[in-house]
Amino acid sequence: MTDAQETAAETALRTTGGAPPDDVEPAPIPLLEPRDGIPPVVATDDALAQVIAAFASGTGPVAVDAERASGYRYGQRAYLVQLRREGAGTALIDPVGCPDLSGLGEVLAGTEWILHAATQDLPCLREIGMMPTGLFDTELAGRLAGFPRVGLGAMVESVLGYALEKGHSAVDWSTRPLPEPWLRYAALDVELLVDLRDALEKELDRQGKLDWARQEFDAIASAPPAPPRKDPWRRTSGMHKVRRRRQMAVVRELWTARDTVAQRRDVSPGKVLSDAAIVEAALAVPANLPALTALPGFGHRMGRRQLEQWQAAVDRAKDLSDAELPQPGQPLNGPPPPRSWADKDPAAAARLSAARAAVSALAEELNLPQENLITPDTVRRVCWEPPAEATVEAVSAALAGHGARAWQIELVAPLLTRALTATA
């Protein structure tokens, strides 16, 4: 970061989101330009070998980003990986042409990776052989530092004083060849990540939150892959309208059939059949093809063969015995929804109310989001099944058992202990 950038960053970090006083006309924000131009896309083994060598000889942390084709393709695979490191410049890698980036991951082992919203990109990076041993998440750093807007563009603008190009975040990154404006956008996503990281580290240190951030980053880097969702069909949008078990079976059969087609065609499931159409069919349980065709989402634009496969799914649900029908709701892994606590356990409801108020007050005092101070799910679990003895030590152990980090336990355990004892 240049001296001018550092001064601008320090000034912005000490104001609300970098906003100037009301009586000062804001200066125009310069549009960020790639320092090294737009590099060619790496799509061959030979070109990848050159990138690996360049990044192995580079110095300092490495900025990393990935682009997916959410809403266009099946799954969450990466269709472009961007990296930047001092001494190596910027690299744009096509994971379609180079599906195994484990060699690159190996030479970057032990190097700090800088990502923005790391949990979004780590799963698709893991699939191609790239996993950091240590990281710095600039979005999470912004949350802990109390920034009201933590998108990459907002952070770069308020902290570093540059405007990022907008408009290509939701495009179909599986397109080949990738248009030059998209590549420019992708290169700029890693252009200033190192500078942003350095400025945020200083601000977190100034606020006394740097150790908190490091604990959070370590937890993200060491977290295992998320297990597959149980009964993912239950997350169909509009599912709350479906009440009867036979109707739920229709949702399950249609969701499963759609997922099979989407995976085979490598397209987003929503492009095969909308959630709204699935719910309409579940509510109606159509008796035959004409009845199905009359429903919203199954109109004349859909071919007869497609309509037949959806009606077949409905018929499978209709033919199930009562014992084979899904049960309403999912088996609870933890406390019930808080709205039912007052009826089921008034004492637990009182504990939760007191705990939420205490956490909210502390989060406001520390100028960070409540969910980053402690997750709402953790608070609910401790309040629903509190330790046998409401001591700071026992509550600390309970928080640790639910995955809370040391800094969170130190701050929150005394609050929760008081909430538990005050409502006993």
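Right above here is the structure, for reference.
Below or above, wherever it landed, is the structure these notes cover. The shown structure was predicted, so the numbers you read here are calculated from the model rather than taken from an experiment. (Residues numbered from 1 in each chain as written. Predicted model: local features only at pLDDT ≥ 70, side-chain atom pairs only at ≥ 80, totals over all residues. Heavy atoms only, no water.)

## Re the state of the cysteines
Every disulfide links exactly two cysteines, by a covalent bond between their sulfur atoms.
(1) Moving on: With the rule as written, the count across this model stands at zero disulfides.
(2) Moving on: Not part of a disulfide, Cys-98 finds its nearest cysteine sulfur in Cys-124, a span of 15 Å.
(3) Moving on: Overall, the relative accessible area of 1% leaves Cys-98 in the buried class. (Disulfide = S-S within 2.5 Å. Buried < 20%, exposed > 50% of the residue type's maximum accessible area, 1.4 Å probe, protein only.)

## Remarks on the environment of Val-279
(1) Moving on: Considering the arrangement of structural elements, one finds Val-279 in helix H12 (residues 275-284).
(2) Moving on: Distance in space between the C-alpha atoms of Val-279 and Arg-339 is 25 Å, their sequence separation being 60 residues.
(3) Moving on: Apart from the residues within four sequence positions on either side, Val-279 is in contact with Thr-236, Ser-237, Gly-238, Met-239, Lys-241 and Val-242. (Helix = DSSP H or I, 4+ residues; strand = E, 2+ residues; numbered from the N terminus. Contact = heavy atoms within 4.5 Å.)

## Re the pairing of strand E4 (residues 89-93)
(1) Moving on: In terms of burial, E4 is a largely internal element, five of the five residues being buried.
(2) Moving on: Here strand E1 (residues 41-42) runs beside E4; their pairing, made up of two bridges, is parallel. By the bridge assignment, Val-42 is partnered in E4 with Ile-93.
(3) Moving on: Pairing of strand E3 (residues 78-86) with E4, which is carried by five bridges, proceeds in the antiparallel orientation. Residue pairing in the sheet places Val-81 in a bridge with Ile-93 of E4. (Pairing = 2+ DSSP bridges.)

## Section: the pattern of salt bridges
(1) Moving on: Applying the stated criterion across every chain, the model contains 20 salt bridges.
(2) Moving on: Note that Glu-203 and Arg-206 form a salt bridge whose closest N and O atoms lie 2.7 Å from each other. On the criterion of helical spacing, the pair formed by Glu-203 and Arg-206 is a turn pair, its members being three residues apart in helix H8 (residues 193-207).
(3) Moving on: Across the pair Lys-318 and Asp-315 runs a salt bridge whose closest N-O atoms are separated by 3.5 Å. Of this pair, Lys-318 and Asp-315 both sit in helix H14 (residues 304-319), separated by three residues, roughly a single helical turn.
(4) Moving on: Classification of Lys-318 by relative accessible area gives partly exposed; the value is 30%.
(5) Moving on: Taking the relative accessible area as the measure of exposure, Asp-315 reaches 27% and is therefore partly exposed.
(6) Moving on: One salt-bridge network, in which partners are shared between bridges, spans Glu-112, Arg-197, Asp-198, Glu-201 and Arg-214. (Salt bridge = Lys/Arg side-chain N within 4 Å of Asp/Glu carboxyl O.)

## What about the sheet that holds E4?
(1) Moving on: Taken in spatial order, the six strands line up as E1-E4-E3-E2-E5-E6 in an open sheet, and their pairing is mixed. Two strands lie at the open edges of the sheet, namely E1 and strand E6 (134-137), each paired on one side alone.
(2) Moving on: Bridge analysis of strand E2 (residues 59-68) against strand E5 (residues 112-115) gives two bridges, and the strand direction is parallel. Bridge pairing in E5 links Ala-63 to Ile-114.
(3) Moving on: Against the sheet, helix H4 (residues 118-127) engages E2, E3, E5 and E6, with an angle of about 80° to E2. (Axes fitted to C-alpha atoms, helices over the stretch in contact; angles between N-to-C directions.)

## What to know about the packing of aromatic side chains
(1) Moving on: All told, the structure shown has five aromatic pairs when counted by the stated rule.
(2) Moving on: Relative to Trp-407, the ring of Trp-212 has its centre 4.7 Å away and its plane inclined at 10°; by these criteria the two rings are stacked. Linking Trp-212 in helix H9 (residues 210-222) with Trp-407 in helix H20 (residues 406-422), this pair joins segments that are 195 residues apart in sequence.
(3) Moving on: One aromatic cluster in this structure is built from Trp-173, Trp-182 and Tyr-185. (Phe/Tyr/Trp six-rings, centres within 6.5 Å; stacked < 30°, edge-to-face > 60°.)

## Some thoughts on the packing of helix H10 (residues 245-265) against H12
When two helices pack together, you describe them by how their axes are tilted relative to each other and by the distance separating the axes.
(1) Moving on: Interhelical geometry of H10 versus H12 gives an angle of 145° and a closest axis separation of 8 Å. Note that H10 runs across H12; the crossing there is right-handed. Here Gln-247, Val-250, Val-251, Leu-254, Trp-255 and Arg-258 of H10 come into contact with H12, specifically with Asp-275, Ile-278, Ala-281, Ala-282 and Leu-283. (Left-handed = near helix turned anticlockwise from the far one by under 90°.)

## Brief notes about the side chain of Gln-311
(1) Moving on: One can find Gln-311 in helix H14.
(2) Moving on: Sequence-distant contacts of Gln-311, that is, excluding residues within four places in its chain, are made with Pro-286, Ala-287, Asn-288, Leu-289, Leu-292 and Lys-318.

## A look at H20
(1) Moving on: End to end, H20 covers 24 Å across 17 residues, agreeing with the expected 24 Å (1.5 Å per residue, within 8%).
(2) Moving on: By the largest-angle criterion, Val-412 marks the main kink of H20, which is about 40°, and a proline, Pro-414, follows within four residues.
(3) Moving on: Turning to H20, its buried residues number three or more, namely Trp-407, Gln-408, Ile-409, Val-412, Ala-413, Leu-415, Leu-416, Thr-417, Ala-419 and Leu-420.
(4) Moving on: For H20, the elements touching its buried residues are helix H5 (138-144), H9, helix H16 (346-366), helix H17 (370-373), helix H18 (376-384) and helix H19 (392-401). (Expected span 1.5 Å × (residues − 1). Bend = angle between axes of the 7 residues up to and from the residue.)

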